[in-house]
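Structural overview
Listed here are the chains, written in short residue letters.
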Amino acid sequence: MSDDKPSPLQELEQLRDRLKLQMHLASMDAKDEWAKLESRFEEAKRDVEQAAAVASETVESTVQKVTDELKEGYQKLAALLGGGESGDS
């Protein structure tokens, strides 16, 4: 993200870091809850990273398809206009 606002994952990491500092004083119940949340956090982080990778691949594929189609259309138009340029550089 390009703005200064932290992403939801970054906000979770900040909250997680603050709580981590307090864990040495925590009760056993709190430590058990921490362990469960740590496991879920790591799982969520993996899920977000995998989703981002898939989305990135999908976007790249879509952009390539659209640019190829436009390039072909521009080349056809150039031929119709008598320019004869293939558009390949």
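Residues numbered from 1 in each chain as written. Predicted model: local features only at pLDDT ≥ 70, side-chain atom pairs only at ≥ 80, totals over all residues. Heavy atoms only, no water.

What follows covers the overall build of the protein chain. Per the secondary structure count, the protein chain includes 2 helices and 0 strands. When each of the 89 residues of the protein chain is scored for burial, the buried share is 7%. Accessible surface computed for the protein chain: about 7700 Å², of which carbon and sulfur atoms make up 57%. (Helix = DSSP H or I, 4+ residues; strand = E, 2+ residues; numbered from the N terminus. Buried < 20%, exposed > 50% of the residue type's maximum accessible area, 1.4 Å probe, protein only. Areas by Shrake-Rupley, 256 points an atom, 1.4 Å probe, with all protein chains shown as cover.)

A few words on the pattern of salt bridges. Per the counting criterion, the structure on display carries 5 salt bridges. With a closest N to O distance of 3.6 Å, Lys-45 and Glu-13 form a salt bridge. Linking Lys-45 in helix α2 (residues 28–80) with Glu-13 in helix α1 (residues 8–22), this pair joins segments that are 32 residues apart in sequence. One salt bridge connects Arg-40 with Glu-43, and the closest N-O pair in it is separated by 3.2 Å. Of this pair, Arg-40 and Glu-43 are both found in helix α2, 3 residues apart, which corresponds to roughly one turn of the helix. Residue Glu-43 is classed as partly exposed on the basis of its relative accessible area, which comes to 35%. A single salt-bridge network, built from bridges that share partners, covers Arg-16, Glu-38 and Glu-42. (Salt bridge = Lys/Arg side-chain N within 4 Å of Asp/Glu carboxyl O.)

Attention now goes to a nonpolar patch on the surface. Together, Val-66, Leu-70 and Tyr-74 make up an exposed nonpolar region whose accessible area comes to about 300 Å². The topology assignment puts Tyr-74 in helix α2. (Patch = residues over 30% accessible without salt bridge, like charges linked within 9 Å, V, L, I, M, F, W, Y side chains within 5 Å.)

So, on to α2. In this model, α2 (53 residues) spans 77 Å end to end at C-alpha, consistent with the 78 Å of a helix rising 1.5 Å per residue. Buried residues along α2 sit against α1. (Expected span 1.5 Å × (residues − 1). Contact = heavy atoms within 4.5 Å.)

Moving on, we get to the packing of α1 against α2. Where α1 contacts α2, the two axes come as close as 12 Å, and the packing angle between them is 155 degrees. The orientation of α1 with respect to α2, classified from their angle, is roughly antiparallel. Like other packed secondary-structure pairs, α1 and α2 cross with a definite hand, here left-handed. Where α1 abuts α2, its residues Leu-9, Leu-12, Glu-13, Arg-16, Leu-19 and Lys-20 lie against Trp-34, Glu-38, Phe-41, Glu-42, Lys-45 and Val-48. (Axes fitted to C-alpha atoms, helices over the stretch in contact; angles between N-to-C directions. Parallel < 35°, antiparallel > 145°, perpendicular 65-115°, else oblique. Left-handed = near helix turned anticlockwise from the far one by under 90°.)

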